[in-house]
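Report on the structure
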Amino acid sequence: YEHLTTSEEEKAAYYKKLGIDCENLQSVYRSDNVKNCSWVSRSSRVKDSDYVFSSKGVENSHIVSSSEEVDGSKQIFSSEFVTNSEQIYHSKNVTESHNIINSDYVVSSTSVLNSMVVTNSHCISGFAGGASKQVKDSYFLESCANVHHCMFCTGISNTEYQLFNQPIDPAQFALIEQQ
């Protein structure tokens, strides 16, 4: 199709065979199974999305590159299994999160870097991949493991209710968290 002269009927047969059903057919390049999309290249199984490149299994998403199984998300790069999230890079299994880099199994969290298994937490990081792990309901942590309800801590593990690496009463933590 790219290198031969084709008629409109042949082009229509080509698009039908590849499962391409879009308003602007010329915005789909070297892809298959594309429905209601624009600006899709080298991708497969893409639906209701735009600006999708080298990806598979993308639905209801915007600006996706080198990723697989993405739904309801935007600005997703080199990631897999991303749902209802934004600005995700080199991560896997991310749901309802924002600004996630080199992290896996992140749910309802923001600004997570080099971490694993992070839930309902914000500004979690580590210097190397997986440096922070098993983090829940926590804020502003660096290289922490198996922590819950911790804030402004670094290098702690197997604990809960900590503020600046010191124990804090759960009621006091709730007050500071709210503020």
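None of the values given here were measured: they were computed from a predicted structure.

Some remarks on the overall build of the protein chain
Helix and strand counts for the protein chain come out as two helices and 23 strands. The C-alpha atoms of the protein chain give a radius of gyration of 21 Å, which is well past the 16 Å a tight globule of 179 residues would have. Taken along the three principal axes of its C-alpha coordinates, the protein chain extends 75 × 30 × 15 Å. Across the 179 residues that make up the protein chain, the buried fraction comes to 35%. Once local pairs closer than 6 in sequence are excluded, the contacts in the protein chain between residues at least 24 apart make up 2%. Carbon and sulfur atoms form 50% of the exposed surface of the protein chain, whose accessible area is close to 9,900 Å². Where the 13 positive side-chain charges of the protein chain centre and where its 22 negative ones centre are 9 Å apart.

Focus on the side chain of Ser73
Residue position: Ser73 is located in the loop between strand 9 (68-71) and strand 10 (74-77). Taking the relative accessible area as the measure of exposure, Ser73 reaches 4% and is therefore buried. A polar contact is formed between the side chain of Ser73 and the backbone oxygen of Asp71, at a distance of 3.0 Å. With sequence-adjacent residues up to four places away left out, Ser73 is seen in contact with Asn60, Ser61, His62, Val82, Thr83, Asn84 and Ser85.

Considering the packing of aromatic side chains
What the rule picks out here adds up to four aromatic pairs. Taking the centre distance of 5.0 Å and the plane angle of 10° together, the rings of Phe152 and Phe164 count as stacked. Note that Phe152 is positioned in strand 21 (residues 145-154) and Phe164 in the loop between strand 22 (157-163) and strand 23 (166-167), a separation of 12 residues in sequence. When the ring of Tyr161 is compared with that of Phe173, the centres are 5.6 Å apart and the planes differ by 85°; the resulting orientation is edge-to-face. Remark: Phe173 occurs in helix 2 (residues 170-178) and Tyr161 occurs in strand 22; sequence separation between them is 12 residues. Overall, Tyr161 belongs to the partly exposed group, its relative accessible area being 21%. Put simply, the rings of Phe140, Phe152 and Phe164 pair up and form one aromatic cluster.

Considering the environment of Glu142
Within the element layout of this structure, Glu142 appears in strand 20 (residues 139-142). Remark: the alpha-carbon pair of Glu142 and Ser97, spanning 45 residues in sequence, is separated by 18 Å. Those residues in contact with Glu142 that lie beyond four places of it in its chain are Ser125, Gly126, Phe127, Ser132, Cys153, Thr154 and Gly155. Among the polar contacts made by the side chain of Glu142, one reaches the side chain of Thr154 at a distance of 2.8 Å.

Points about the environment of Pro167
Here Pro167 lies in strand 23. Sequence separation of Pro167 and Tyr105 is 62 residues, and the distance between their C-alpha atoms is 27 Å.

Calculation notes
Along every chain, residues carry numbers that run from 1 in the direction the sequence is written. Local features in a predicted model are, by the rule used here, given only for residues with pLDDT of at least 70; side-chain atom pairs are given and counted only at 80 or more, and totals for whole chains, interfaces and linings are based on all residues. With hydrogens and water excluded, all non-hydrogen atoms of the structure serve as input to the side-chain values. Strands are runs of DSSP state E lasting at least two residues, helices are runs of H or I lasting at least four, and both sets are numbered from the N terminus onward. It is over C-alpha atoms that the radius of gyration is taken, and the globule rule equals 2.2 Å times the number of residues to the power 0.38. Think of it in three bands: residues with accessible area under 20% of the maximum for their type are buried, residues over 50% are exposed, and the middle band is partly exposed, with areas taken using a 1.4 Å probe on protein chains only. We call two residues in contact whenever any of their non-hydrogen atoms come within 4.5 Å of each other. We get accessible surface area from the Shrake-Rupley algorithm with a probe of 1.4 Å; when it comes to residues, only the shown protein chains can shield them. For the purpose of counting charges, residues Lys and Arg are taken to be positive, whereas Asp and Glu are taken to be negative. His and the chain ends are not included. Each charge is placed at NZ for Lys, CZ for Arg, CG for Asp and CD for Glu. Here a polar contact is recorded for every N or O atom pair within 3.5 Å, except that within protein the pair must consist of a potential hydrogen donor and a potential acceptor, and residues adjacent in sequence are included only if both atoms are side-chain atoms. Between the rings of Phe, Tyr and Trp (Trp by its six-membered ring), a pair exists once the centres lie within 6.5 Å; its type follows the angle of the planes, with under 30 degrees stacked, over 60 edge-to-face, and the other angles tilted.

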